[in-house]
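# Structural overview for review
Next come the chains, spelled out residue by residue.
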Amino acid sequence: MTLDRLVCANCAAPVSEGRCPVCRANRERIQQEGPFAGLNPAALIALLVVLIAAVALLARSA
């Protein structure tokens, strides 16, 4: 999930603004997660398909 779409349940402001301690804590937690944490499952599957296709093309040409 991206920060620009999250709304804090504590202060009803966007989490990306970090207005309250809850917003700031969640913003830090989300930013510390890995680079693929913000991707939805469909995007991860698409990335996996592209990588498999690239490996297949490389194996076929070699």
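Note that the structure is a prediction, hence the values are computed from the model and not measured.

Thresholds applied
Residue positions are given per chain, counted from 1 along the sequence in the order it is written. Per-residue local features of the predicted model are confined to residues with pLDDT of at least 70, and side-chain atom pairs are confined, for both listing and counting, to 80 or more; whole-chain, interface and lining totals are unaffected and use all residues. Computation of side-chain values: all heavy atoms of the structure, hydrogens and water removed. By definition, any uninterrupted DSSP run of H or I lasting at least four residues is a helix, any uninterrupted run of E lasting at least two residues is a strand, and each is numbered from the N terminus. What the globule rule says is 2.2 Å times the number of residues to the power 0.38, and the radius of gyration is computed from C-alpha atoms. Note on contacts: a residue pair qualifies if any of its non-hydrogen atoms lie within 4.5 Å across the two residues. Only four residue types enter the charge count: Lys and Arg as positive, Asp and Glu as negative, with His and the chain ends excluded. To locate a charge, take NZ of a lysine, CZ of an arginine, CG of an aspartate or CD of a glutamate. UniProt positions are given in the numbering used here, feature names are shortened, and annotations may be inferred rather than shown by experiment. A pair is scored as a salt bridge if a Lys or Arg side-chain nitrogen falls within 4 Å of a carboxyl oxygen belonging to Asp or Glu. For every residue, the accessible area (1.4 Å probe, protein chains only) is compared with the maximum for its type, and the residue is labelled buried under 20%, exposed over 50%, or partly exposed between those bounds.

## Some words on the overall build of the protein chain
Scanning the protein chain for helices and strands turns up two helices and zero strands. Over its C-alpha atoms the protein chain spans a radius of gyration of 18 Å, topping by over 25% the 11 Å that the globule rule assigns to 62 residues. Counting only C-alpha atoms and orienting by the principal axes, one finds that the protein chain spans roughly 55 × 20 × 10 Å. Long-range pairs, those at least 24 residues apart, make up 20% of the contacts in the protein chain between residues at least 6 apart in sequence. In the protein chain, the 6 positive side-chain charges and the 4 negative ones have mean positions that sit 5 Å from each other.

## Let's talk about the UniProt feature "transmembrane region" (unreviewed entry) in the protein chain
When the UniProt feature table is mapped onto this chain numbering, "transmembrane region" (unreviewed entry) sits at residues 42-59. Helix makes up 100% of residues 42-59 and strand makes up 0%, while its end C-alpha atoms are separated by 26 Å.

## A few points about the pattern of salt bridges
Inspection of the entire model under this criterion finds one salt bridge. The closest approach of N and O atoms between Arg19 and Glu17, which form a salt bridge, is 2.7 Å. Judged by relative accessible area, Arg19 falls into the exposed class, the value being 57%. We classify Glu17 as partly exposed; its relative accessible area is 42%.

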